[in-house]
Amino acid sequence: MQEIEKLVNEGKYDYILIESTGISEPVPVAQTFTYADEESGIDLTRLARLDCLVTVVDANRFWHDFGSGQSLLDRNQATGDEDTRDVVDLLIDQIETCDVLLLNKCDLVDDTELNKLEGVIRKLQPNAKIIRTENGQVNPSEILNTDRFDFEKVSMSAGWIQELEKESHTPETEEYGIGSFVYRRRKPFHPSRLAEFMSYWPEEVVRAKGLVWLAAEGDVAASLSQAGPSIQFGPAGHWIAALPEADKEEILRNEPDVLEKWDAQWGDRQTELVMIGIDMERASIEDELDQCLLSDEEMLGDWGHFDNPLPWPVEAV
């Protein structure tokens, strides 16, 4: 922020192109251009306009990095000992949050594999303009002064978000076996059975993301985020139905759309999990997940007594 302010005040530059480090997350970078920073007093919204977020994907190394299971610490790229991010999570984050995606080193990949890779990327990021490049050669007009950036749009552009927002999923012709579906259920998962499923995660599922209803103490929604061998699982906040009556009524008054999915008994409690993958057998995956749900008899029991190897109980914020 300080450097941009300095460059702008020099008054001799028409355009600034910023190349972030390979381990930077796009949303925090974008946010610096969307509001004033109280600590420094710098307001970039008065000085500059963020024009475009560009992500470069190495077509030749994508699947290697995706399935490596390595962390930034493993690659000596972490910002410190507490930086435990996985390479694949960062890779997916940069793909899901961009306006233009340059698929580079295309000359090192055959056409069939390249088309398959682009199909997967398109599922992960339906809105970005994908441009195939070799040696990073791209027409400057594709990435400079494009007027593409819109923070609200780019923050909601990930394929899994758009899949959730569809009223119904229409079966599609799956080129190269690339497809997606949403797993929705009104029963909670048994913690130990879900943990076992996650330990044998289907290899054909490239990306999964959503909210999970877990039969555990706290009445808290869980967030599940999977990319390749990396699975993140943790609290996502209280269910609206579990809040004090006054708070619940205020939310429902301000967000009436919530009532469209409201259940008379369970309120907003449900699992909504988007699955994106290659050659997925939907029926088989859904059946395996269904086996992890509580039985009718278990629904009537004390959920707090279930064996729970997951990171729980928690205090939601």
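Structure's up top.
Residues numbered from 1 in each chain as written. Predicted model: local features only at pLDDT ≥ 70, side-chain atom pairs only at ≥ 80, totals over all residues. Heavy atoms only, no water.

## Brief notes about the overall build of the protein
So, point 1. A tally of helices and strands in the protein yields 11 helices and eight strands.
So, point 2. Computed over its C-alpha atoms, the radius of gyration of the protein comes to 22 Å, within 12% of the 20 Å expected for a compact globule of 317 residues.
So, point 3. Taking the principal axes of the C-alpha coordinates as reference, the protein spans close to 70 × 50 × 40 Å.
So, point 4. A total of 317 residues make up the protein; the buried ones form 42% of that total.
So, point 5. Counting contacts in the protein only where the partners sit at least 6 residues apart, residues at least 24 apart contribute 72% of the total.
So, point 6. On the protein, roughly 17800 Å² of surface is accessible, and the fraction owed to carbon and sulfur atoms is 46%.
So, point 7. Treating the 28 positive side-chain charges of the protein as one cloud and the 65 negative ones as another, the clouds have centres 4 Å apart. (Helix = DSSP H or I, 4+ residues; strand = E, 2+ residues; numbered from the N terminus. Rg over C-alpha atoms; globule rule 2.2 N^0.38 Å. Buried < 20%, exposed > 50% of the residue type's maximum accessible area, 1.4 Å probe, protein only. Contact = heavy atoms within 4.5 Å. Areas by Shrake-Rupley, 256 points an atom, 1.4 Å probe, with all protein chains shown as cover. Lys, Arg positive; Asp, Glu negative; His and termini not counted. Charge placed at Lys NZ, Arg CZ, Asp CG, Glu CD.)

## Some thoughts on the nonpolar core
So, point 1. Counting 31 residues, the largest nonpolar core has V57, F62, F66, I95, L101, L103 and I121 as its most contacted members.
So, point 2. Listing elements by their share of this core, those giving two or more residues are α3 (62-66), α4 (87-96), β2 (100-104), α5 (111-124), α7 (159-165), β4 (178-185) and β8 (271-278).
So, point 3. Top contributing element to this core by residue count: α5, with five residues.
So, point 4. Residues in contact with I95, not counting those within four places in the same chain, are T55, V57, F62, L101, I121, L124 and Q125.
So, point 5. Residues M198, W201, F233 and I285 belong to the second largest nonpolar core, which totals 24 residues. (Core = buried A, V, L, I, M, F, W, Y, C linked by side-chain atoms within 4.5 Å.)

## Here we look at the sheet that holds strand β1 (residues 54-58)
So, point 1. Spatial ordering of the open sheet is given by β1-β2-β3, a layout of three strands whose pairing is parallel. With one partner strand each, in any of the chains shown, β1 and β3 (129-132) form the two edges of the open sheet. Neighbour to neighbour, the strand axes of the sheet diverge by 20° on average, direction disregarded.
So, point 2. Sheet topology note: the β2/β3 ladder contains four bridges and is parallel. Considered in β3, the bridge of L103 is made with R132.
So, point 3. Sheet strands touched by α5: β1, β2 and β3. Its angle to β3, the strand with the most contacts, is close to 160°. (Pairing = 2+ DSSP bridges. Axes fitted to C-alpha atoms, helices over the stretch in contact; angles between N-to-C directions.)

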